[in-house]
Amino acid sequence: MNGLPFVKLLQTTLRHCASAMVMLGAISLAAQAQTPEWAPTKPVRIIVPIVGSTNDVLARLLAPKLSEVLGQPVLVENKPGAGGNLGADMVAKAAPDGHTLLIGYNGPMAINVSLFDKMPYDPVKDLAPITLAVKSPQYLVAHPGSGLQSVQDLVNQARANPTKFSYGSVAVGSASHLTMEMLKMAAGVQITHVPYKGAGPAVTDLIAGNIQVAFFVPGNVQQFAKDGRLRLLGVSGTKRFKSTPQVPTLIEAGFKDFEATSWIGLLTTGGTPKPIIERYHRELVKILQSPEIRQKLEDMEFEVLASNPDQFAAWIATEIPRWGKVIKATGAKAD
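Figured I'd write up the structure that's included with this text. Every chain is numbered independently, its residues counted from 1 as its sequence is written. The predicted nature of this model means local features are confined to residues of pLDDT at least 70 and side-chain atom pairs, given and counted, to a pLDDT of 80 or more, with totals for whole chains, interfaces and linings taken over all residues. With hydrogens and water set aside, each side-chain value is computed from the structure's full complement of heavy atoms.

Here we come to the side chain of T244. Position of T244 among the secondary structure elements: in the loop between β9 (231-235) and β10 (261-269). By relative accessible area, which is 8% here, T244 ends up buried. By definition, residues are in contact when any of their heavy atoms lie within 4.5 Å. Those residues within four positions of T244 in sequence are excluded, and the remaining contacts are Y139 and L232. Secondary structure elements follow DSSP: runs of H or I no shorter than four residues count as helices, runs of E no shorter than two count as strands, and numbering proceeds from the N terminus. Only protein chains enter the calculation, and the probe is 1.4 Å; a residue is then buried if its accessible area is under 20% of its type maximum, exposed if over 50%, and partly exposed in between.

What follows is the structure in structure tokens.
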């Protein structure tokens, strides 16, 4: 039997199959190219789980820019309570359809896991990272009437009179709360904690002299320091701020390896489809890196990061045990 005709037939069939596969691939790619990217079908909510803070400022900078590119209203809603847990839980339990976003920060995303005996949500499983937007060290700030001129003044006077000073924080479990607890532990002093629901009321009480000291990110206190209503004693980062080169770091003040960073990112509900997260990440990175928004954030002494979702997830995974060690060592608990 002559096998040549069969071989030719097989070769022809294979060529036809290959051609068909190429055509199908081209059709598939064309179909994908024509598939419109995800867009919201109703107003988007950005939940800020705190009041009157740089978290709120960031949300209100981003909202109108997001609205422009998404074609829907983007509304900022403040939902404070339980150290940020109330607002974060709202987003964790929202429909995973991309219409609810969270402004997440140290407290509800990393600190509260160790600070609270029970959590209504799992920050790793129930919330989906989009981007770690910004981070910044904090100022140690004092009321001018306290007589404090330096970090060492605070330490010396607090040691001499353990009931003399109280400090405010923007919320239980916030960086401003735990950073002061770190300092108390490092210095061996007692300073009474007074938690607030946001930076606004905490800064107001500090200016009024109802509390004497606090840790705040620059955007909350710089203007008040410039006009003499507050006094900057130290910085919780590894280097001095360019805008206030006269203010030393806590490390320079004698507290070796003292570093505490405040950060803000955006997340959505866990289980949200990847195309939705990718769209938000793409748009938010563009906005954060735009000259206008970047300049405003840098003027507030924020470092713009605009990370991707995987990088943000890795950061949260690192922050949980980092702050957990501080909480365990200080014995801090939610009030």
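From this point, the narrative continues.
The next thing to look at is the environment of S236. Within the secondary structure, S236 sits in the loop between β9 and β10. C-alpha of S236 to C-alpha of L140: the two residues are 96 residues apart in sequence and 7.4 Å apart in space. In this structure, S236 is in contact with P137, Q138, T179, F215, L250, F258, E259 and A260, ignoring residues within four places of it in sequence. Looking at S236, its side chain comes within polar contact range of the main-chain nitrogen of Q138, at 2.8 Å. Pairing of N or O atoms within 3.5 Å defines a polar contact, subject to two protein rules: one partner must be a possible hydrogen donor and the other a possible acceptor, and residues neighboring in sequence count only if both atoms are side-chain atoms. There is a polar contact of 2.8 Å between the side chain of S236 and the backbone oxygen of A260.

It is characteristic of soluble globular proteins that their nonpolar side chains tend to be buried jointly. Counting 55 residues, the largest nonpolar core has L66, F216, Y280 and L297 as its most contacted members. In this view, Y280 contacts W38, V44, L66, L70, G98, L101 and I130; residues no more than four positions away in its chain are not counted. By convention a nonpolar core is built from buried Ala, Val, Leu, Ile, Met, Phe, Trp, Tyr and Cys residues, the set being connected through side-chain atoms within 4.5 Å. Membership of the second largest hydrophobic core comes to 47 residues, among which are V91, L115, L127 and W263.

Right, let's talk about the environment of A110 for a bit. Residue placement: A110 occurs in helix α4 (residues 106-115). Classification of A110 as buried rests on a relative accessible area of 0%. On a C-alpha basis, the gap between A110 and E319 in space is 5.7 Å, while along the polypeptide they are 209 residues apart. Non-local contacts of A110, meaning those with residues more than four positions away in its chain, are made with Y105, W263, E319, I320 and W323.

A few words now on α4. Counting buried residues along α4, 8 of its 10 residues qualify, which places the element largely inside the surrounding structure. Taken as a whole, α4 has its buried residues at N106, G107, P108, M109, A110, I111, N112 and L115. Those residues of α4 that are buried are in contact with α3 (85-92), β3 (100-105), β4 (127-137), α6 (175-187), β10 and α11 (309-330).

Now for the sheet that holds strand β5 (residues 139-142). Note on pairing: DSSP must find at least two bridges between two strands before they are called paired. Across the sheet, which stays open at both edges, the 5 strands sit in the order β7-β6-β8-β5-β9 with mixed pairing between neighbours. Where the open sheet ends on each side, the last strands, each with one partner, are β7 (192-195) and β9. Adjacent strand axes in the sheet meet at a mean angle of 30°, parallel and antiparallel pairs treated alike. Here β5 runs beside strand β8 (residues 213-216); their pairing, made up of 4 bridges, is antiparallel. By the bridge assignment for β8, L140 is matched with F215. Throughout, an axis means a line fitted to C-alpha atoms (over the contacting stretch in the case of helices), and angles, computed between N-to-C directions, take values from 0 to 180 degrees. Its contacts with the sheet place helix α7 (residues 199-208) against β5, β6 (166-169) and β8, and it is angled at close to 145° to β8. Sitting on the sheet, helix α8 (residues 218-226) touches β5, β8 and β9, and the angle it makes with β5 is about 45°.

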